[in-house]
Amino acid sequence: EEEPSGVEPGAVWHRGIYGGPPLLGRCKCVSIGSYSLTKIIDAKGEPLEPYFSEWVEYMGDIPLNFWGGITDAMALDLLESDQFAEAAERFKELWCAEDPTSPACDRDKGLTFDATRFA
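Residues numbered from 1 in each chain as written. Predicted model: local features only at pLDDT ≥ 70, side-chain atom pairs only at ≥ 80, totals over all residues. Heavy atoms only, no water.

## Focus on the pattern of salt bridges
Consideration 1: Applying the stated criterion across every chain yields a total of two salt bridges.
Consideration 2: Salt-bridge contacts for Asp72 lead to Arg90; the nearest nitrogen and oxygen are separated by 2.8 Å. Here the residue Asp72 occupies a position in the loop between α1 (51-59) and α2 (73-80), and Arg90 occupies one in helix α3 (residues 84-98), the gap between them amounting to 18 residues.
Consideration 3: In this structure, Arg90 engages Glu93 in a salt bridge whose closest nitrogen and oxygen atoms are separated by 3.3 Å. Here Arg90 and its partner Glu93 are both found in helix α3, three residues apart, which amounts to about one turn of the helix. (Salt bridge = Lys/Arg side-chain N within 4 Å of Asp/Glu carboxyl O. Helix = DSSP H or I, 4+ residues; strand = E, 2+ residues; numbered from the N terminus.)

Below you can see the structure in the form of structure tokens.
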């Protein structure tokens, strides 16, 4: 599949998985589970369009948490020990210390994250 013009080269990577029936010998000429991977965010954390917007539309209202570029030692320790709820609380503490007006800091709504904040 060709990438749209203006899209970063290599944003779509096709993983071909092939096999073939024994009667064809060693021929691996039938696709048996090939798939494509699509980058939606570049190395700088910027959205790769049109893929990022397509993904956001596809995901709709499904709540998402993104944990990347973590430098807080306590949060890293919590994540590495599979204490995800505690790590989420730590992220909320850090986030609210940085931006107390964020909707994520609203005690009545609980922990919320906006996917576009990380784009």
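## Remarks on α3
Consideration 1: With 15 residues, α3 extends 21 Å between its outermost C-alpha atoms, agreeing within 8% with the 21 Å of an ideal straight helix rising 1.5 Å per residue.
Consideration 2: Listing the buried residues of α3 in full gives Ala87, Ala88, Arg90, Phe91, Lys92, Trp95 and Cys96.
Consideration 3: On the buried face of α3, the contacting elements are α2. (Expected span 1.5 Å × (residues − 1). Buried < 20%, exposed > 50% of the residue type's maximum accessible area, 1.4 Å probe, protein only. Contact = heavy atoms within 4.5 Å.)

## A few points about the nonpolar core
One recurring pattern in soluble globular proteins: nonpolar side chains tend to sit buried together.
Consideration 1: Val7, Ala11, Ile40, Leu48, Tyr51 and Phe52 form the largest nonpolar core, which has six residues in total.
Consideration 2: With five residues, the next largest nonpolar core counts Ala75, Leu78, Ala87 and Phe91 among its residues. (Core = buried A, V, L, I, M, F, W, Y, C linked by side-chain atoms within 4.5 Å.)

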